[in-house]
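# Remarks on the overall topology
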Amino acid sequence: MTGLESKRRIYLDNAATTPIREEVKQYMLEVMNGPFGNPSSTHQFGRKAKSVIEEARKYISKTLGCTGNEIVFTSGGTEADNAALTLAVRDCGVKRIITSKMEHHAVLHTAEAMAKNFGVELVFVNLLDKGVVDLNHLEELLKEGTPTLVSLMHGNNEVGNLLDLKTVGTMCRAHNAYFHTDTVQTMAHCDLDLSELPIDFLAASAHKFYGPKGVGFMYVNHRVKCHSFISGGSQERNMRGGTENVLGIAGLHKAFQLSIENMEAENAHITDLKQYMIDQLKAEVTDVRFNGLSDQLDKSLLTVLSCSLPCLPKDGMYLFTLDMNGVMVSGGSACTSGSQKGSHVIEAIDPDNQCAIIRFSFGKNNTREELDYVIETLKNMMVPVPA
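So, here is what we can say about the structure in this document. (Residues numbered from 1 in each chain as written. Predicted model: local features only at pLDDT ≥ 70, side-chain atom pairs only at ≥ 80, totals over all residues. Heavy atoms only, no water.)

## What about the overall build of the protein?
As a reminder, the rule being used: Secondary structure elements are taken from DSSP: a helix is a run of H or I of four residues or more, a strand is a run of E of two residues or more, and numbering for both begins at the N terminus. Atoms counted for the radius of gyration: C-alpha only. Globule rule: 2.2 Å times residue count to the power 0.38. To sort residues, take the accessible area from a 1.4 Å probe on protein chains only and compare it with the maximum for the residue type: under 20% means buried, over 50% means exposed, and anything in between is partly exposed. A contact between two residues is defined here by any heavy atoms of the two lying within 4.5 Å.
A count of helices and strands for the protein gives twelve helices and 13 strands. The globule rule puts the C-alpha radius of gyration for 387 residues at 21 Å, and the 22 Å found for the protein is close to it. Principal-axis analysis of the C-alpha atoms gives the protein an extent of 75 × 55 × 35 Å. Counting across all 387 residues of the protein, residues that qualify as buried make up 53%. When contacts within the protein are restricted to residue pairs at least 6 apart in sequence, long-range pairs at least 24 apart make up 71% of them.

Dropping the structure here:
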């Protein structure tokens, strides 16, 4: 098609954000229309607002196998990541942060700030083929004995690689290191039992599991002794001053609950979609390659499929052309758009990659019919331009 945007709306960018479930919207409206008191107030309106927060905390902590005192509500995953790294350095005596070059910028930029402003040593663990964390190298680093925080994400948001949390956490405990993990892409999509996982800090965000934006939580293991990271009040177990986002926490609670209850069925649906997309891309699109472990269903996020595609002839731009055809995805390659920088994740695992990078990320609302349209659109885009 030319000149006009497609009337189709196919959303395949669920790793960036997910649509809010209708049930979540309705629950948030109920809370919005209910008592509006400040949850720190002792009168009945305040107590009812407070109960919304504590019911959410109780459900989340029970589901994750931890205590309510270990859950701190935040404005999202970025705040939780920032707080975890900052607290580890400020309150836990951490002198070194070990992370990887594939982490989210919420971790990388915070680690860089800790190094610049507080003299913390910043070390990057080696990456093996396809971006797999080199656990042997990690153990060698931990053996050095420096007071350390290891920060490695559970599921990579760009290429989908999954980390074995129990193995890494056990390794950290054996060497008296703290372990922080960003679970923004996996929370309420994967089974997580914090009573069995040696994790000290964890970050999560509601809008990645069909909840509202601007709210999330941080898990801080009870063995970690740290103090307020936002001063000005005793809210959130004296950890985060300021009046709580009651409406957002309510939405997070309902979205978390529904995602947990529907996890098996929705994961089965998304697994089917991802495998179908892999098969169709291999069959119909010339020279497609998959980045990281994203095409290995047992080693990657079910929701993420990262592809390398040959650059379009002449001035073609994948993301722009797909968007004009009603397909919303993410990318990050120099040949995709003159205004975009290349992906730091792809640079870390495949620095010689000169292809266009497209990330398809699936959600519960997607269908095979939508994927057929995407494949057909890609095929049409890559027809050679006549000389």
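Still more ground to cover, so stick around.
## Some remarks on the environment of Val 215
With respect to the secondary-structure elements, Val 215 resides in the loop between β7 (201-205) and β8 (216-220). On a C-alpha basis, the gap between Val 215 and Glu 244 in space is 10.0 Å, while along the polypeptide they are 29 residues apart.

## Notes on the sheet that holds strand β10 (residues 304-309)
We apply this condition: Here, strands pair whenever DSSP counts at least two bridges between them.
Strands sit in the order β9-β10-β13-β12 across an open sheet of four strands; the sheet is antiparallel. Taken across any chain shown, the strands that pair with only one partner, and hence form the sheet edges, are β9 (289-290) and β12 (330-331). Alignment of β9 against β10, held across two bridges, turns out to be antiparallel. Looking at the pairing, Arg 289 lines up with Ser 308 of β10.

## Structural notes on the sheet that holds strand β4 (residues 121-124)
Hydrogen bonding along the main chain pairs the strands of a sheet, whether they run parallel or antiparallel. Cut-off, in case you're wondering: Each axis is a line fitted through C-alpha atoms, taken for helices only over the stretch in contact, and angles between the N-to-C directions span 0 to 180 degrees.
Across the sheet, seven strands lie side by side as β2-β8-β7-β6-β5-β3-β4; this open sheet has mixed pairing. Of all the strands in the sheet, just β2 (71-74) and β4 have a single pairing partner and so form its edges. In this sheet, neighbouring strand axes are inclined to one another by 20° on average, regardless of whether the strands run parallel or antiparallel. Across four bridges, the pairing between strand β3 (residues 96-99) and β4 is parallel. If you follow Arg 96 over to β4, its bridge partner there is Glu 121. Across the sheet, helix α3 (residues 77-91) is in contact with β2, β3, β5 (148-151), β6 (178-182), β7 and β8; its angle to β7 comes to roughly 165°. Here helix α5 (residues 135-142) sits on the sheet in contact with β3, β4 and β5, set at roughly 175° to β3.

## What to know about the packing of aromatic side chains
Going by this rule: Centre distance within 6.5 Å is the pairing criterion for rings of Phe, Tyr and Trp, where only the six-membered ring of Trp is used; planes under 30 degrees apart are then read as stacked, over 60 as edge-to-face, and the remainder as tilted. For a ring to carry a charge above it, either NZ of a lysine or CZ of an arginine must fall within 6 Å of the ring centroid while also lying within 35 degrees of the normal to the ring plane.
Within this structure, the stated rule accounts for three aromatic pairs. An angle of 80° between the planes, with centres 5.3 Å apart, marks the rings of Phe 36 and Phe 45 as edge-to-face. By relative accessible area, which is 32% here, Phe 45 ends up partly exposed. Ring geometry for Phe 209 against Phe 256: centres 5.9 Å apart, planes inclined by 75°, an arrangement best described as edge-to-face. A residue pair is termed long-range when its members are at least 10 positions apart, and Phe 209 in the loop between β7 and β8 and Phe 256 in helix α8 (residues 246-261) qualify at 47 residues. Of the two residues, Phe 209 and Phe 256, neither departs from the other in class, the shared state being buried. Within the aromatic cluster, the residues linked to one another by ring pairs are Tyr 59, Phe 209 and Phe 256. It is Lys 101 that lies over the ring of Phe 124; its NZ or CZ is 5.4 Å from the centre. A cation over a ring is seen here: Lys 364 above Tyr 210, with NZ or CZ 5.1 Å from the ring centre.

## Here's the deal with empty space enclosed by the protein
Where we set the bar: Residues are called lining when one of their atoms sits within 4 Å of a cavity or pocket point, these points coming from a 1 Å grid over the protein atoms alone, where a cavity is a set in which a 1.4 Å probe fits but cannot get out and a pocket is an open set with protein on both sides within 12 Å along at least five of seven lines. Grid points are joined across faces, edges and corners, and a volume is the space filled by probe spheres set on the points. In this count, Pro and Cys sit with the nonpolar residues alongside Ala, Val, Leu, Ile, Met, Phe, Trp and Tyr, while Asp, Glu, Lys and Arg are called charged and the others, Gly among them, polar.
A complete count under the given rule lists two cavities of 30 Å³ or more for this structure. Looking at the largest cavity, the residues that line it are Asn 14, Ala 15, Thr 18, Val 184, Gln 185, His 189, Lys 208, Tyr 210, Thr 303, Phe 362 and Gly 363. Here the residues of the lining of the largest cavity sort into four nonpolar, six polar and one charged. Its boundaries defined by the atoms lining it, the second largest cavity holds a volume of some 50 Å³. Around the second largest cavity, the lining residues are Arg 21, Ala 188, His 189, Tyr 210, Ser 259, Met 263, Glu 266, Asn 267 and Ile 270.

Any link to function would need more than the numbers given here.
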